[in-house]
Amino acid sequence: MTLISRYRVTILLSLLGWGCLAIYAYKGSYVDDNGVLIESFGFIPLFWLFQLLAFVSLIYTAVKHRK
């Protein structure tokens, strides 16, 4: 098995996390006319969730395929 195919779930979860962070940075934040802060705050916890899941997947895969 190749390294990429072995860790494909880990790579996918990590890329999804970084995608969430990129979307958050791209959309940015601003204050509207009423003085309310408008931002896509939900992408920050999603980033950390995906990174945590990627880390758990990395540990699981490494233990499972230990030689």
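An unreviewed UniProt entry lists the chain under the name DUF3955 domain-containing protein, with Photobacterium leiognathi as the source organism.

Asks: Just to check I follow, could you spell out the UniProt feature "transmembrane region" (unreviewed entry) in the chain for this structure?
Replies: The sites that UniProt annotates as "transmembrane region" (unreviewed entry) are residues 7-26 and 46-63. Here residues 7-26 is 95% helix and 0% strand, with 28 Å between the C-alpha atoms at its ends. Secondary structure content for residues 46-63 is 100% helix and 0% strand, while the C-alpha to C-alpha distance between its ends is 26 Å.

Asks: Would you mind going over the nonpolar core with me for this structure?
Replies: Side chains of nonpolar character tend, in soluble globular proteins, to be buried together. Counting five residues, the largest nonpolar core consists of Leu13, Cys20, Phe47, Phe50 and Ala54. Contributions of two or more residues to this core are made by helix H2 (8-27) and helix H3 (43-64). Counting residues per element, this core draws most heavily on H3, which supplies three residues. Not counting residues within four places of it along the chain, the set of residues in contact with Cys20 comprises Phe43, Leu46, Phe47 and Phe50.

Asks: What should I look at first to understand the packing of aromatic side chains in this one?
Replies: Each pair of aromatic rings is reported with the distance of its centres and the angle of its planes. What the rule picks out here adds up to two aromatic pairs. Judged by centre distance (5.0 Å) and plane angle (65 degrees), the rings of Trp18 and Phe47 are edge-to-face. Remark: Phe47 occurs in helix H3 and Trp18 occurs in helix H2; sequence separation between them is 29 residues. Classification of Trp18 as partly exposed rests on a relative accessible area of 47%. For Phe47, a relative accessible area of 7% puts it in the buried group. Here the aromatic rings of Phe47 and Trp48 are separated by 4.9 Å at their centres, their planes lie at 65 degrees, and the arrangement is edge-to-face. In this structure Trp48 comes out as exposed when scored by relative accessible area, which is 56%.

The rules behind these values
Residues numbered from 1 in each chain as written. Predicted model: local features only at pLDDT ≥ 70, side-chain atom pairs only at ≥ 80, totals over all residues. Heavy atoms only, no water. UniProt positions renumbered as here; feature names shortened; annotations may be inferred. Helix = DSSP H or I, 4+ residues; strand = E, 2+ residues; numbered from the N terminus. Core = buried A, V, L, I, M, F, W, Y, C linked by side-chain atoms within 4.5 Å. Buried < 20%, exposed > 50% of the residue type's maximum accessible area, 1.4 Å probe, protein only. Contact = heavy atoms within 4.5 Å. Phe/Tyr/Trp six-rings, centres within 6.5 Å; stacked < 30°, edge-to-face > 60°.

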